[in-house]
Amino acid sequence: VSGPATGTSRRAALGLLGSAVAAGAAGVTWAVRTGDAEAAATPGTAVPFHGDHQAGIATAVQDRLHMAAFDLRVAGGSSGRAAVVRMLRQWTGAAARMTQGLETVDGGAAPTILDAPPEDTGEALALPPSRLTLTLGLGPGFFAKTGLDDSRPSALVDLPRFKGDDIDPARSGGDLVVQACADDPQVAVHAIRNLARMATGTAAVRWSQLGFGRTSSTTPTEQTPRNLFGFKDGTNNIAGDDEATLNQHVWVGAGDDPGWMTGGSYLVARRIAMRIESWDRVSLREQEDVTGRHKISGAPVGATAEHDPVQVSALPPTAHVAIAHPDANGGVRILRRGYSYVDGSDGFGHLDAGLFFIAFCRDPRTQYVPLQTRLARSDAMTEYLTHTASGLYAVPPGVRPGQYWAQSLLEA
Amino acid sequence: VHTHARPTRAGVRAGVLVGVLLGAAGLAGCSSSSGGSQAGAITVTGTDTACTPQTSQVAAGTVAFRLENQGSRVNELYVLRPDGSIVGERENVGPGTSGELRVDMPAGSYTLQCKPGMTGDGIRTAITATGAATAASDPRLGPAVTAYRGYVLTEAKRSLAGAQQLRDAVAAGNLAEAKALYASSRVGWERIEPVAESFGDLDPRIDLREADLESGQTWTGWHVIEKGLFRSGTTKGLKPVADRLVTDLQDLVRRVPTAEISATSMANGAAELLDEVAKTKITGEEEAFSHTDLVDIQANVDGARQVVTLLRPVLTAKSPDLATQLESSLADLQKILDGHRTSAGFPSYTSITQDQRRTLSEAVDAASDPLSRLTAAVAS
């Protein structure tokens, strides 16, 4: 991880406010992530916003998620595009600051003018940066509403209906999506809330999802987290510092089409309801056979240690790991970055709980779609799962200082 | 109905920041005020049994108070005129914290009221504003205020006439006619509601919703009639309520010439009108029985647009971008409302689908956002 940014932190901003107001904006120098992926970060610190790739993908997974999708309210064509560019410039400036622990604008939460609402809503004041990352994705509608259909990547398909899907359109799709991840949920929520506020008139929130307890790790040296089934999840996930694998499976390459996506990725979001009450009544042996791993150790069924190699042929043929493993899918891998959720109750005496699945890949047509087609058809775990929301988004490449999100598309 | 005066908004601020803010405000000067300015906030020390301002005499103009709550209960600070109407209020100041309230105080006598525990009559202290407030920062604001007062009077009279017709229909036992007159009788009121609210006592008598009724409180006003006509389907027993409504609206008309109206209160009121729409009308709660919410929404938008129109010369000079943004967002909103209108007027809100409500809500938000910046823009 690169060194912390030298901007004033929210914490410092409080103490310095008097002088900062007098002196005007403190100069902010941005740290930039190099092409190198990141190893584990220290909790609470700042993750650089700028770099070749957007942060929040290879970044070591934070504890909390707030993701929100937005619908553009603009009329199509160039006037709509101008409004979107204005919003994205504003978003980028605020995002770069918030990820470094700063207010959306200098003095935003504590303005000197008392007759106007403060620009920053203030609830993240005095909180550390909390490794906040903000990652932008563009849905199919973005291209239509900005008159850029010609630039829509062919990989940004409309996801097919998979077997067993029960998709709620109101919780799916959207013209834009922002993934906010942080170690402190208040920091993540503050970021989404302030971006939503800035978007007023140009875009409105379509759906929003909170997540906790990261279910996947991109830092294999750390303990693998567990999902709500109680199993370790993401043991063989792509490591955030494995640049070769990231280049092969996650980042859109220089030769891939279209050129503006180089360094970007595709984000798949799936809200997967888990029938945890049914699962909890299943014997341990059955749970392990369905998963293909031992519950406590995380070792493949029949093996002894978590990181022992998976031998697909040695697993029950319909085990989740047997169906999902790269060896069973022509070597296809995706970077998973999902979170658990509990959204109240289902009205039938159960928790409304599950996995908010997030994955990044280089081309969903050859990675996520065939993989999920196989899982939906054959994975024994499917009995306990229902996919209730869905989204696929093109994630533009990283932002350089002075640039704004998706500039390579909008100013091509 | 809206029970809180807008000025609280400006006062809502994390207690921890207040000291810093005041320092900053001192640097910047209170240049954003429309009247005279104080060097800093007047500290009001509130305990569970006392309400003690640092001084009992302030310079007329824009005055900032800071309530320091040294008591054990959550406190509130009100500034009241001699007739008991509210100049401004700051709610929810927790024990050990402080909260700021900023109000326009022309020369005169006032009462400061602390309400430890946020109930009851509270603890009152007299305070006087002396000297002439410096003239409004822009000479164009004076005519705008005068014109707006005329608008308020016209609309108050419109509702009074409507209520008289409604009363007559109720008295004649003509249910169909009374139902037809109900929504239109409210139009004038809904256009100027923030001014009516500034009188404090009138709004709850005239426009209280059943959901906002406290136990033991007598329910009066339009919504009693609404429930009778549209839920119970009868005019029976409604005549005394309608008589009282007419009396209260006559009271409103009589008081308009003395209403405290400034460019600041106009701008705050316009923002408040759309907040009202977002809060209780998009949801269909306001007209729970008659479902005539679209009529109210149109009237609220009319009232906000009237303010923007009157302030436009100043706004265009000071913040042309905001003027453009306001114009286009209000026009967008009007277009959506027009889309619902038929030759018979607005349809029942129950016929508006969830998707249509969402579209309307987004347009209201899009106009509310620039409206929230109007006050600072015209007062700067």
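This text goes with the structure placed above it.
Residues numbered from 1 in each chain as written. Chains lettered and ligands numbered in written order. Predicted model: local features only at pLDDT ≥ 70, side-chain atom pairs only at ≥ 80, totals over all residues. Heavy atoms only, no water.

Visitor: What exactly am I supposed to notice about the overall build of chain B here?
Guide: A tally of regular secondary structure across chain B gives 13 helices and nine strands. Buried residues in chain B amount to 54% of all 380 residues. Sequence-distant contacts in chain B: of pairs separated by 6 or more residues, those separated by 24 or more amount to 71%. Per element, the accessible surface of chain B, about 15100 Å² overall, is 52% carbon and sulfur. (Helix = DSSP H or I, 4+ residues; strand = E, 2+ residues; numbered from the N terminus. Buried < 20%, exposed > 50% of the residue type's maximum accessible area, 1.4 Å probe, protein only. Contact = heavy atoms within 4.5 Å. Areas by Shrake-Rupley, 256 points an atom, 1.4 Å probe, with all protein chains shown as cover.)

Visitor: I would appreciate a short explanation of the sheet that holds strand E1 (residues 42-46) of chain B in the present structure.
Guide: Consider a sheet: its strands pair through backbone hydrogen bonds, and that pairing is either parallel or antiparallel. All names here are of chain B. On the basis of which strands lie adjacent, the open sheet formed by four strands has the order E2-E1-E4-E7 and mixed pairing. Edge positions in the open sheet fall to strand E2 (51-53) and strand E7 (98-105), since each of these has one partner strand only. Pairs of neighbouring strands in the sheet enclose a mean axial angle of 25°, with direction left out of account. (Pairing = 2+ DSSP bridges. Axes fitted to C-alpha atoms, helices over the stretch in contact; angles between N-to-C directions.)

Visitor: Looking at this model, I keep getting lost on the state of the cysteines. Mind explaining?
Guide: Two cysteines whose sulfur atoms are joined by a covalent bond form what is called a disulfide. Under the defined criterion, the tally for this structure stands at one disulfide over all chains. Here Cys51 of chain B pairs with Cys114 of chain B through a disulfide, and the sulfurs are 2.0 Å apart. Because the sign of the S-S torsion sets the handedness, a value of about 60° for the bond joining Cys51 of chain B and Cys114 of chain B places this disulfide among the right-handed ones. Here Cys114 of chain B lies in strand E8 (residues 108-114) and Cys51 of chain B lies in strand E2, a separation of 63 residues in the sequence. Of the cysteine sulfurs around Cys181 of chain A, a residue in no disulfide, the closest is that of Cys361 of chain A, at 17 Å. Look at Cys181 of chain A and you get buried, because its relative accessible area is 0%. Judged by relative accessible area, Cys361 of chain A falls into the buried class, the value being 1%. (Disulfide = S-S within 2.5 Å.)

Visitor: Sorry, what's going on with the environment of Pro95 of chain B here?
Guide: All names here are of chain B. Note that Pro95 resides in the loop between strand E6 (86-93) and E7. Sequence separation of Pro95 and Ser72 is 23 residues, and the distance between their C-alpha atoms is 5.3 Å. Contacts of Pro95, omitting those with residues within four sequence positions, involve Asn69, Gly71, Ser72, Arg73 and Val74.

Visitor: Whenever I open this one, the sheet that holds strand E3 (residues 57-59) of chain B confuses me. Can you help?
Guide: Residues and elements named next belong to chain B. Strands sit in the order E3-E9-E8-E5-E6 across an open sheet of five strands; the sheet is mixed. Edge positions in the open sheet fall to E3 and E6, since each of these has one partner strand only. With strand direction ignored, the average angle separating the axes of adjacent strands in the sheet is 25°. With five bridges connecting them, strand E5 (residues 75-80) and E6 associate as antiparallel partners. From the neighbouring strand, Leu77 faces E6, where its bridge partner is Arg90.

Visitor: Got a minute to help me understand the nonpolar core in this structure?
Guide: General note: in soluble globular proteins, nonpolar side chains tend to be found buried as a group. Grouped together as the largest cluster of nonpolar side chains are 80 residues, with contacts concentrated most on Tyr148, Leu249, Leu252, Leu311, Leu360, Leu371 and Leu374 of chain B. Leave out the neighbours within four places in its chain, and Tyr148 of chain B touches Val195, Ile261, Met266, Val307 and Leu310 of chain B. Counting 75 residues, the second largest nonpolar core, distinct from the first, contains Phe70, Met261, Ile276 and Leu385 of chain A. (Core = buried A, V, L, I, M, F, W, Y, C linked by side-chain atoms within 4.5 Å.)

Visitor: How should the packing of helix H4 (residues 175-191) of chain B against helix H7 (residues 222-232) of chain B be read in this particular structure?
Guide: Any two packed helices are characterised by how steeply their axes cross, that is the angle between the axes, and by the distance between the axes. All names here are of chain B. Close contact between H4 and H7 brings their axes to 10 Å; oriented N to C, the two are set at 155°. Compared by their axis directions, H4 and H7 come out roughly antiparallel. Relative to H7, H4 is oriented so that their crossing is left-handed. Residues Leu175, Ala178, Lys179, Tyr182, Ser185, Arg186 and Trp189 of H4 form the contact with H7, whose own contacting residues are Trp222, His223, Glu226, Leu229 and Phe230. (Parallel < 35°, antiparallel > 145°, perpendicular 65-115°, else oblique. Left-handed = near helix turned anticlockwise from the far one by under 90°.)

Visitor: What exactly am I supposed to notice about the layout of surface pockets here?
Guide: It is a probe the size of a water molecule, rolled over the atoms, that shows where empty space is left. For the second largest pocket, the calculated volume is near 1100 Å³. Around the second largest pocket, the lining comprises 34 residues; the ones closest to its centre are Arg86, Thr200, Gly201 and Thr202 of chain A together with Gln325 of chain B. The set of elements that each furnish at least two residues to the lining of the second largest pocket consists of helix H2 (77-99) and helix H4 (185-199) of chain A together with helix H11 (320-340) and helix H12 (354-371) of chain B. Among the elements that make up the lining of the second largest pocket, the one with the highest residue count is H2 of chain A (10 residues). Tallied by class, the residues present in the lining of the second largest pocket amount to 10 nonpolar, 14 polar and 10 charged. (1 Å grid on protein atoms, 1.4 Å probe; cavity = no way out; pocket = protein on both sides within 12 Å on 5 of 7 lines; lining within 4 Å. Points joined across faces, edges and corners; volume = space filled by probe spheres on them. Nonpolar A, V, L, I, M, F, W, Y, C, P; charged D, E, K, R; others polar.)

Visitor: Teacher, can you tell me more about a nonpolar patch on the surface here?
Guide: On the surface, Phe212, Val342 and Leu351 of chain A cluster together into a nonpolar patch covering about 230 Å² of accessible area. Relative to the helices and strands, Val342 of chain A is located in strand E7 (residues 339-345). (Patch = residues over 30% accessible without salt bridge, like charges linked within 9 Å, V, L, I, M, F, W, Y side chains within 5 Å. Salt bridge = Lys/Arg side-chain N within 4 Å of Asp/Glu carboxyl O.)

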